[in-house]
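Report on the structure
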Amino acid sequence: MNTPTISAIICTRNRGERVVAAVESILANDHQAFELIIVDQSTNTVTATALRRFCNNDRLRYIASATKGLGIARNIGLQLAQAPLVAFTDDDCRVAANWLRVIEAEFQREPQAAVLFCNVVPGPHDASAGFIPAYQRQQRTIVKTFFGKCRARGIGAGMAVRRDLVLAMGGFDEALGAGGRFPSAEDADIALRAIAHGWYVVETPATYVIHDGFRTWAEARELAARDWEGLGAAYIKPLKAGHCRATIVLMYELLVPALLEPLAPLLRLKRPRGLGRLVAFVRGCLRGLAHPVDRERLVYRGKTIAPTTVERSL
């Protein structure tokens, strides 16, 4: 295998056979020099068994970890990656054939960028029964300021970073993300911290991933509460560390998506919907205020990657 110039990472936990589609789509990419790292935090061997069909592919590296938390898993992959660029997608996604090639080209085009988000489109589903989280941009956008971050909302299912820059910032905040102290928003957090450190964020429609993570409408409230609590915890950190200009991001989230958008139905004499966002966001802020922050790296203080992570053959 050629020395990789970009590493792709899938963080997974108890996904089993369903992770195979994500792996197949990445291995089918048209990039000529990449590696794929699977960070598996599963509590059983079902996922490892499902991945054995790829055991002869020298581009794939399998990492078994007894840790828990998406922020930790992303850091494990980031530290083990051999390439200067690292692309992340989720274990319920399928990526475009040009995904890695376009990501690398976008970083070459914008040397000041530390973080990149591509489009995330929903897979086929019954919209009457539920939804699939997605994010789509029509035009390429370079986010350089906290003000610009207010409307830039790329998600971790289609995300890439410059490895050395993000490691220098302390990596992903391990308190954030599914399974962490704060259950979401490690993706929004890394973008905000990149801007705070003087780097740019790129949002590009030039490539995409297909998200198959269907949620029923009954699950929507729980998902929203998790996401908004994570955002509150992420966006309060810069203020604690003295980045006063970051107040604009916090206030925008608080006043527009969390408050005004849920109240908008009142103008049509209808019942407000989604005020739970506000409650969860404020809860995340308050919990974040009570937790110590590394003021230089803008991460919550706490445990680091556990030593129970090993790379092994499938």
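As a reminder, the structure under discussion sits directly above these lines.
Quick look at the structure, then. Since we're looking at a predicted model, the values are computed, not measured. (Residues numbered from 1 in each chain as written. Predicted model: local features only at pLDDT ≥ 70, side-chain atom pairs only at ≥ 80, totals over all residues. Heavy atoms only, no water.)

Remarks on the pairing of strand β6 (residues 113-122)
Most of β6 sits inside the fold, with nine of its ten residues counted as buried. Note that β6 and strand β10 (residues 200-211) share nine bridges and pair parallel. Each residue of the ladder has a partner; that of Leu-116, found in β10, is Val-202. Bridging between β6 and strand β9 (residues 159-162) involves three bridges; their strand directions are antiparallel. Bridging across to β9, Leu-116 finds its partner in Ala-160. (Buried < 20%, exposed > 50% of the residue type's maximum accessible area, 1.4 Å probe, protein only. Helix = DSSP H or I, 4+ residues; strand = E, 2+ residues; numbered from the N terminus. Pairing = 2+ DSSP bridges.)

Re the environment of Ile-195
One can find Ile-195 in helix α7 (residues 186-196). Owing to a relative accessible area of 7%, Ile-195 belongs among the buried residues under this scheme. Placed 81 residues apart in sequence, Ile-195 and Ala-114 show a C-alpha to C-alpha distance of 8.7 Å. Beyond its immediate sequence surroundings of up to four residues, Ile-195 is in contact with Val-143, Lys-144, Thr-145, Phe-146, Lys-149 and Val-201. (Contact = heavy atoms within 4.5 Å.)

What to know about the nonpolar core
If you look at the biggest cluster of nonpolar residues, it comprises 55 residues, and the most contacted ones within it are Val-39, Phe-88, Val-115, Val-161, Val-201 and Tyr-235. Beyond its immediate sequence surroundings of up to four residues, Val-161 is in contact with Leu-78, Pro-84, Leu-85, Val-86, Phe-88, Phe-107, Ala-114, Val-115, Val-166 and Phe-172. Ranked by size, the runner-up nonpolar core spans 36 residues in total, among them Leu-51, Leu-60, Ala-64 and Leu-100. (Core = buried A, V, L, I, M, F, W, Y, C linked by side-chain atoms within 4.5 Å.)

With respect to the packing of aromatic side chains
According to the stated counting rule, one finds four aromatic pairs in the structure shown. Measuring from ring centre to ring centre gives 5.4 Å for Phe-88 and Phe-172, while their planes differ by 80°; the resulting arrangement is edge-to-face. In this pair, Phe-88 sits in strand β4 (residues 85-90) while Phe-172 sits in the loop between α6 (163-168) and α7, placing the two residues 84 residues apart along the sequence. Both residues of the pair, Phe-88 and Phe-172, belong to the buried class. Each ring, one from Phe-182 and one from Tyr-300, has its centre 5.0 Å from the other, and the planes form 35°; the classification is tilted. Residue Phe-182 is located in the loop between α6 and α7, and its partner Tyr-300 is located in strand β13 (residues 299-300); the two are separated by 118 residues in the primary sequence. Judged by its relative accessible area of 1%, Phe-182 is buried. Since its relative accessible area comes to 6%, Tyr-300 is described here as buried. Here Arg-74 stacks its cationic end above the ring of Phe-172, 5.8 Å away from the centre of that ring. (Phe/Tyr/Trp six-rings, centres within 6.5 Å; stacked < 30°, edge-to-face > 60°. Lys NZ or Arg CZ within 6 Å of the ring centre and 35° of its normal.)

Some words on the pairing of strand β3 (residues 60-65)
The side chains of a regular strand alternate, residue by residue, between the two faces of the sheet. Of all six residues in β3, six are buried; the element is thus mostly enclosed. Of the two faces of β3, the one holding Leu-60, Tyr-62 and Ala-64 and the one holding Arg-61, Ile-63 and Ser-65 are both buried throughout. Of the strand pairs in this sheet, strand β2 (residues 34-40) and β3 are connected by five bridges, and their pairing is parallel. The residue bridging Asp-40 from the neighbouring strand is Ala-64, located in β3.

Some words on the pattern of salt bridges
This structure, assessed with the given rule, holds 20 salt bridges. Among the salt bridges present, the one from Arg-15 reaches Asp-91, with a minimum N-O distance of 3.0 Å. Pair noted here: Arg-15 is in the loop between β1 (6-12) and α1 (20-27) and Asp-91 is in the loop between β4 and β5 (93-95), with a separation of 76 residues, a long-range link. Judged by relative accessible area, Arg-15 falls into the partly exposed class, the value being 22%. Within this structure, Asp-173, Asp-189, Arg-193 and Lys-237 form a network of salt bridges that share partners. (Salt bridge = Lys/Arg side-chain N within 4 Å of Asp/Glu carboxyl O.)

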